[in-house]
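# Coordinates in review
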Amino acid sequence: MMLYLRHQIFHGPHVSRVEARAHGSAVAHALLHALLLELKLPLALKADPQGRPALAHCDTVDFNLSHTEGLAVCALLQSENSPRVGVDAELLTNFDAERIAAFAARFFAPCEQKCLAKANDPATCFTRIFTRKEAYAKYCGDGLGLHLSATDTLAPDFESSHGVRFYAYRHNDIFISLCTPENIEDKPQTTLCEDPVTW
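Cut-off values and rules
- Residues numbered from 1 in each chain as written.
- Predicted model: local features only at pLDDT ≥ 70, side-chain atom pairs only at ≥ 80, totals over all residues.
- Heavy atoms only, no water.
- Helix = DSSP H or I, 4+ residues; strand = E, 2+ residues; numbered from the N terminus.
- Buried < 20%, exposed > 50% of the residue type's maximum accessible area, 1.4 Å probe, protein only.
- Contact = heavy atoms within 4.5 Å.
- Expected span 1.5 Å × (residues − 1).
- Salt bridge = Lys/Arg side-chain N within 4 Å of Asp/Glu carboxyl O.
- Core = buried A, V, L, I, M, F, W, Y, C linked by side-chain atoms within 4.5 Å.
- Pairing = 2+ DSSP bridges.
- Axes fitted to C-alpha atoms, helices over the stretch in contact; angles between N-to-C directions.
- Parallel < 35°, antiparallel > 145°, perpendicular 65-115°, else oblique.
- Left-handed = near helix turned anticlockwise from the far one by under 90°.
- Nonpolar A, V, L, I, M, F, W, Y, C, P; charged D, E, K, R; others polar.

## Remarks on the environment of proline 181
Its place among the elements puts proline 181 in strand S8 (residues 174-181). By relative accessible area, proline 181 is classed as buried at 11%. It is 17 Å that separates the C-alpha atoms of proline 181 and tyrosine 169, two residues lying twelve residues apart in sequence. Beyond its immediate sequence surroundings of up to four residues, proline 181 is in contact with Leu77, Arg84, Tyr139, Gly163, Val164 and Arg165.

Structure (structure tokens):
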């Protein structure tokens, strides 16, 4: 059982938002390609029944990609037991306090809202929670929009009751959350700095 989290910092030209997203996606896919070559795994991809990208000829590996302004990440889990992994990277939000509160009231669950309400730095707390929720949604393959407000990733028993474990990382103003099965014994192999967040 091996768990990898690779990242790449990039600086693209000043282009449209669509072009910037395409560039970030290309960098994330390049990370995946390099890791698959390193591990001598097949490069062919397919869509699983939920439409989630997967390796075409290898059911012992799962991967997930994410990118934001200036950084791309690739998470990969190699395991004999139905591997699953989800990752999300987000730049520190530029929402003002009013917009953060409105978004949280609509999409955050009770424990998440309480954590945000008592945060000294609401923008940082909001970004951390958002990446955690999205990493879990990508882990499940349900998509971010499904059951968002009903999924309380900060509930005291969330990880044990859902059989998952979260890891948090930070690179400057970029926050990364990784969601894995709880039975993964080894920490991810990564050079990213862990985010010592306490909820």
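## Topic: helix H1 (residues 17-38)
Spanning 22 residues, H1 covers 32 Å between terminal C-alpha atoms, matching the ideal 32 Å at 1.5 Å per step. Buried within H1 we find Gly24, Val27, Ala28, Leu31, Leu32, Leu35 and Leu36. Elements in contact with the buried residues of H1: strand S1 (2-9), strand S2 (45-47), strand S3 (53-55), strand S4 (61-68) and strand S5 (71-78).

## Considering the pattern of salt bridges
All told, the structure shown has eight salt bridges when counted by the stated rule. Of the charged contacts, one joins arginine 132 and glutamate 159 as a salt bridge, the two residues approaching to 3.5 Å between their closest N and O atoms. Of the two residues, arginine 132 is situated in helix H4 (residues 122-140) and glutamate 159 in helix H5 (residues 158-162); the sequence distance between them amounts to 27 residues. Note that aspartate 173 is salt-bridged to arginine 170, the shortest N-O span being 3.5 Å. Judged by its relative accessible area of 28%, arginine 170 falls in the partly exposed class.

## Here we look at the nonpolar core
Judged by nonpolar contacts, the single largest core of 18 residues is most densely connected at Leu32 and Leu76. Secondary-structure elements contributing two or more residues to this core are H1, S4 and S5. A total of six residues in this core trace back to one element, the largest contributor, which is H1. Sequence-distant contacts of leucine 76, defined by excluding residues within four places in its chain, comprise Met2, Leu3, Tyr4, Leu32, Leu35, Leu36, Leu39, Val61, Asp62 and Phe63. Among the nonpolar cores identified, the runner-up in size contains 16 residues, and Leu77, Val85, Tyr167 and Ile176 belong to it.

## Re the sheet that holds S8
Ordered in space as S6-S8-S7-S9, the four strands form an open sheet in which the pairing is antiparallel. Of all strands in the sheet, those bounded by a partner on one side alone are strand S6 (86-91) and strand S9 (193-194). Taken together, the six bridges between S6 and S8 define a ladder with antiparallel strand orientation. Bridge assignment links leucine 91 to a residue of S8, and that residue is isoleucine 174. The sheet strands contacting H4 are S6, strand S7 (164-171) and S8, and the helix crosses S8 at an angle near 35 degrees.

## A short note on the packing of helix H3 (residues 110-117) against H4
For the pair H3 and H4, interaxial distance at closest approach is 9 Å and the crossing angle is 160 degrees. In terms of orientation, H3 and H4 fall into the roughly antiparallel class. The chirality of how H3 crosses H4 is right-handed. On the side of H3, the interface is formed by Glu112, Cys115 and Leu116, while H4 contributes Pro122, Cys125, Phe126, Ile129 and Lys133. A per-class count over the contact of H3 with H4 returns six nonpolar, no polar and two charged.

## Some details on the side chain of threonine 68
Among the secondary structure elements, threonine 68 is positioned in strand S4. Excluding anything up to four places from it in sequence, threonine 68 contacts Phe10, Ala89, Glu90, Leu91 and Ile174.

## Quick notes on the sheet that holds S5
Either a parallel or an antiparallel arrangement is found when strands of a sheet pair, and the pairing is made through backbone hydrogen bonds. Here we have three strands laid out as an open sheet, ordered S1-S5-S4, and antiparallel in their pairing. Unpaired on one side and paired on the other, S1 and S4 mark the two borders of the sheet. When the angles between neighbouring strand axes are averaged without regard to direction, this sheet yields 10 degrees. In the packing of H1 onto the sheet, contacts are made with S1, S4 and S5, and the angle to S5 comes to roughly 35 degrees.

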